[in-house]
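Breakdown of the fold
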2 protein chains.
Amino acid sequence: MIPEGDNRHRHVCNTCNTIHYQNPRIITGTLPIHEDKVLLCKRAIEPRYGLWTLPAGFMENGETTEQGASRETWEEARANIALSGLYTLFNLPQINQVYFFYRGHLTDLDFGPGPESLEVALFEEHQIPWEQLAFPVITRTLQHYFSDRKHDHYPVRTEDIIRPPRAR
Amino acid sequence: MIPEGDNRHRHVCNTCNTIHYQNPRIITGTLPIHEDKVLLCKRAIEPRYGLWTLPAGFMENGETTEQGASRETWEEARANIALSGLYTLFNLPQINQVYFFYRGHLTDLDFGPGPESLEVALFEEHQIPWEQLAFPVITRTLQHYFSDRKHDHYPVRTEDIIRPPRAR
């Protein structure tokens with residue numbers, strides 16, 4: 001239904017009439033760096049079980065995007081990271097998501113898989129499993145990074161990722 | 001309650017057991033520019049009725065942050081704008097909001113108040129009603145802009161706005 005004074009359909013609870021606004025959600029994560037390597041996590045959960053990802057997850061209430069990014073890096077990779085700024089930002093309008101990735105350096109090498117990861121490892125550029133990356137946002141962030149690293153200049157990169165319509 | 005496999009309290013509907021995740025919401029807007037002036041809107045709604053703001057509002061499902069920013073600029077200021085990139089980004093963790101502002105230039109001068117605005121006007125720097133701005137994110141975006149304009153260089157500015165605890 002469209003609530004009074006609004007101009008869009010909203011989900012309204014049949015029991016209590018509470019309007020449950022459904023707005024895009026933020027996913028926040030990091031690009032963890034150590035020397036010439038980046039850290040990736042092999043997913044232990046669906047979707048994309050067994051594929052490689054950067055640590056990232058849904059931002060929670062009460063935290064900043066930076067805090068969420070660091071928290072997810074700990075939860076998924078048991079890694080401690082010193083952030084050095086927002087790096088990539090993606091809109092995925094078809095699935096109502098906005099992704100943030102922060103660049104950062106590992107502060108120690110005591111990392112390892114959290115409950116949502118099968119394996120956590122450092123990769124040099126030529127070792128990146130490009131064909132086994134979990135999501136386009138991961139591929140694009142790594143492509144930007146290896147390109148920008150040549151000039152040691154990392155401006156914020158913003159991009160929309162629009163999926164082609166599925167064949168019927 | 002804390003759903004199985006989760007580690008945080010979530011709102012769960014008593015009737016249907018649906019878990020209503022409550023995540024931060026995105027507010028997206030613009031800094032509309034025409035020559036040496038910026039466009040501001042006088043709020044016709046609470047909170048901050050009668051104070052001046054940049055056009056901005058809650059991002060909706062199915063749109064990008066850029067599309068939402070342009071839509072809000074039309075809804076609140078009946079203004080058409082050509083965006084020139086993300087400019088400021090704010091975390092407001094105490095109220096679970098993340099703000100995006102895009103710089104942009106008005107493509108014509110046929111603007112005017114939408115239903116949520118009392119008045120819409122262009123201001124030169126010395127005309128900005130600094131004491132009647134609606135929110136800290138508006139003040140900070142304008143301060144960054146007038147400072148960055150001196151060098152004609154507009155990197156993405158990210159900031160956390162943490163409110164001091166209220167006196168009891």
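Provided above is the structure to which this section pertains.
Residues numbered from 1 in each chain as written. Chains lettered and ligands numbered in written order. Predicted model: local features only at pLDDT ≥ 70, side-chain atom pairs only at ≥ 80, totals over all residues. Heavy atoms only, no water.

Each partner contributes residues to the interface: chain A has 33 residues there, and chain B has 33 residues. In total, chain A and chain B occlude about 2800 Å² of area from one another, counting both sides; carbon and sulfur atoms represent 49% of this. Counting the surface chain A buries against chain B, the share from its top three residues, Pro24(A), Glu60(A) and Asn61(A), is 19%. If you look at where chain A meets chain B, you find 12 residue pairs in polar contact (both at pLDDT 80 or more). Among the secondary structure elements, those contributing two or more residues to the side of chain A that touches chain B are strand 3 (25–34), helix 1 (65–77), strand 7 (81–92), strand 8 (97–106) and strand 10 (157–160) of chain A. With four residues, the top contributor of residues to the side of chain A that touches chain B is helix 1 of chain A. Its residues assigned to classes, the side of chain A that touches chain B comprises 12 nonpolar, 12 polar and nine charged. (Contact = heavy atoms within 4.5 Å. Buried area = accessible area lost by both parts, 1.4 Å probe. Polar contact = N/O pair within 3.5 Å; in protein donor to acceptor, adjacent residues only side chain to side chain. Helix = DSSP H or I, 4+ residues; strand = E, 2+ residues; numbered from the N terminus. Nonpolar A, V, L, I, M, F, W, Y, C, P; charged D, E, K, R; others polar.)

Next up on the list: the relation of the copies chain A and chain B. Superposition of chain A onto chain B requires a rotation of 180 degrees combined with a translation of 0.0 Å along the rotation axis, giving an RMSD of 0.0 Å. Taken together, these values place the two copies in the relation of a two-fold axis. A share of 100% of interface residues in chain A that are also interface residues in chain B marks the association as one of identical surfaces. (Least-squares fit on C-alpha atoms with pLDDT ≥ 70 in both.)

Residues and elements named next belong to chain A. Estimates place the volume of the second largest pocket at around 1100 Å³. Lining of the second largest pocket is provided by 38 residues; of these, Ile-45, Ala-56, Gly-57, Phe-58 and Glu-116 occupy positions nearest its centre. Elements that contribute at least two residues to the lining of the second largest pocket include exactly strand 3, strand 6 (56–58), helix 1, strand 8 and helix 2 (136–149). For the lining of the second largest pocket, the element with the most residues is helix 1, which contributes four residues. (1 Å grid on protein atoms, 1.4 Å probe; cavity = no way out; pocket = protein on both sides within 12 Å on 5 of 7 lines; lining within 4 Å. Points joined across faces, edges and corners; volume = space filled by probe spheres on them.)

Turning to the pairing of strand 3 (residues 25–34) of chain B, a few remarks are in order. Residues and elements named next belong to chain B. Of all 10 residues that make up strand 3, nine are buried, and the element is covered over most of its length. Summarising the sheet, strand 3 and strand 8 (residues 97–106) pair through nine bridges and their orientation is parallel. Its bridge partner lying in strand 8, Gly-29 is registered against Phe-101. Judged from the two bridges that link them, strand 3 and strand 4 (residues 37–43) form a sheet pairing that is antiparallel. Bridge pairing in strand 4 places His-34 opposite Lys-37. Connecting strand 3 to the antiparallel partner strand 4 that follows it, the hairpin turn spans two residues, and Glu-35 within it adopts a positive phi of roughly 50 degrees. (Buried < 20%, exposed > 50% of the residue type's maximum accessible area, 1.4 Å probe, protein only. Pairing = 2+ DSSP bridges.)

All names here are of chain A. Under the counting rule described, the total for this entry stands at 13 aromatic pairs over all chains. Both rings, one in Trp-52 and one in Phe-123, keep their centres 5.0 Å apart while their planes meet at 80 degrees; by these two values the pair is edge-to-face. In this pair, Trp-52 is assigned in strand 5 (residues 52–53) and Phe-123 in strand 9 (residues 117–123), connecting sequence segments 71 residues apart. Of the two residues, Trp-52 and Phe-123, neither departs from the other in class, the shared state being buried. Taken together, the ring pairs in this structure connect Tyr-87, Trp-130, Tyr-145, Phe-146 and Tyr-154 into an aromatic cluster. In this arrangement the basic side chain of Arg-25 is found over the ring face of Phe-58, its NZ or CZ atom lying 3.9 Å from the centre. Directly above the ring of Tyr-154 sits Arg-103, whose terminal nitrogen or CZ lies 3.9 Å from the centroid. (Phe/Tyr/Trp six-rings, centres within 6.5 Å; stacked < 30°, edge-to-face > 60°. Lys NZ or Arg CZ within 6 Å of the ring centre and 35° of its normal.)

Attention now goes to the side chain of Thr65(A). Tracing the chain through its elements places Thr65(A) in helix 1. The class of Thr65(A) is buried, set by a relative accessible area of 1%. Within the structure, the side chain of Thr65(A) is placed 2.7 Å from the side chain of Asn91(B), a separation counted as a polar contact. The residues touching Thr65(A), leaving out its near neighbours within four places in the chain, are Ile26(A), Thr28(A), Met59(A), Phe100(A), Tyr102(A), Asn91(B) and Val98(B).

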